[in-house]
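# Examination of the molecular architecture
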Amino acid sequence: MGKNDIQELIEQTLQIRDCAYAPYSDYPVGALAVTEDGKYFSGCNVENVSYPAGSCAERNAIAAAIAAGNKNFAFIIIAGDLKHPTYPCGICRQVMAEFQIPYVIIVKENKQYEKIALEELLPHSFTAALVKNIRSYK
Ligand code: THU
C-alpha cells in the first residue's frame with residue numbers, strides 16, 4: 001500500500017473521529033479496520049453516562065468487520081489526539097491479539113504516522129492456542 005493510500009485512509013479515520021460520542025471524556029477517537037481483502041470498517045468511541053458501558057473506537061471497528069463476516073485483518077488505523085498520539089488501551093490490544101491483527105497505524109500531527117507491531121504492543125499475549133493446549137491435557 002502506497003504512502004498516498006495511507007494518507008487517504010488517515011483522512012477517512014479523522015472523519016470517523018468526528019463522529020465519536022465522547023461527551024464525558026471529551027477525547028474523541030476514530031479507528032479504521034482494514035481487512036486483508038481491502039475492505040474498511042469504521043469505529044469511534046461511544047461513551048455512556050454509566051462510564052464502564054462506554055466502548056473504544058478500535059473494538060467498535062473490529063466488531064463492525066466481524067458482523068459483516070470479516071475476520072482477517074491487515075491493520076487498524078487509530079486517530080485520537082494527534083499531538084499526544086493515542087495508543088490502544090489494554091483491552092483493545094487483547095482484542096487485536098484475538099484476531100491476530102499484525103500492526104496498528106497511529107496517526108500523529110502534520111500527516112505523520114507511526115506503524116507499530118502488535119507483538120510490540122502486547123508481547124507474550126494470552127492466546128487461544130494456550131487455552132487449547134491446556135484443554136488437551138484433560
Ligand atoms: N479510547 C479509545 O476509543 N481508544 C483508545 O485507544 C484509547 C481510549 C476512548 C475510551 C474513552 O471513550 C476515551 O477514549 C477516553 O478514555
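Attention here is on the structure that accompanies the text. (Residues numbered from 1 in each chain as written. Predicted model: local features only at pLDDT ≥ 70, side-chain atom pairs only at ≥ 80, totals over all residues. Heavy atoms only, no water.)

Counting through the fold element by element, Asn 45 comes out in the loop between strand 2 (40-44) and helix 2 (57-67). Look at Asn 45 and you get buried, because its relative accessible area is 7%. Separated by 2.9 Å, the side chain of Asn 45 and the backbone oxygen of Tyr 27 make a polar contact. Other than its neighbours up to four places away in sequence, Asn 45 contacts Ala 20, Tyr 21, Ala 22, Tyr 27, Pro 28, Val 29, Ser 55, Cys 56, Ala 57 and Asn 60. (Helix = DSSP H or I, 4+ residues; strand = E, 2+ residues; numbered from the N terminus. Buried < 20%, exposed > 50% of the residue type's maximum accessible area, 1.4 Å probe, protein only. Polar contact = N/O pair within 3.5 Å; in protein donor to acceptor, adjacent residues only side chain to side chain. Contact = heavy atoms within 4.5 Å.)

To continue, consider the sheet that holds strand 1 (residues 30-35). Within a sheet, adjacent strands bond to each other through the backbone by hydrogen bonds, running parallel or antiparallel. The strand order 2-1-3-4-5 describes an open sheet built from 5 strands, whose pairing is mixed. Each end of this open sheet is capped by a strand with a single partner; those strands are strand 2 and strand 5 (113-117). With direction set aside, neighbouring strand axes in the sheet form an average angle of 20°. Packing of helix 2 onto the sheet brings it into contact with strand 1, strand 2 and strand 3 (73-79), and relative to strand 2 it is tilted by some 140°. (Pairing = 2+ DSSP bridges. Axes fitted to C-alpha atoms, helices over the stretch in contact; angles between N-to-C directions.)

Under the definition given, this model contains 0 disulfides. A disulfide-free cysteine, Cys 89 has its sulfur positioned 3.8 Å from the sulfur of Cys 92, the nearest such atom. The partly exposed category is assigned to Cys 89, whose relative accessible area is 30%. (Disulfide = S-S within 2.5 Å.)

Turning next to the pattern of salt bridges. According to the stated counting rule, one finds 2 salt bridges in the structure shown. Its salt-bridge partner being Asp 37, residue Lys 39 comes within 3.6 Å of it at the nearest N-O pair. Taking the shortest distance from any N to any O, the salt bridge between Glu 114 and Lys 108 comes out at 2.9 Å. You can call Lys 108 partly exposed: its relative accessible area is 26%. (Salt bridge = Lys/Arg side-chain N within 4 Å of Asp/Glu carboxyl O.)

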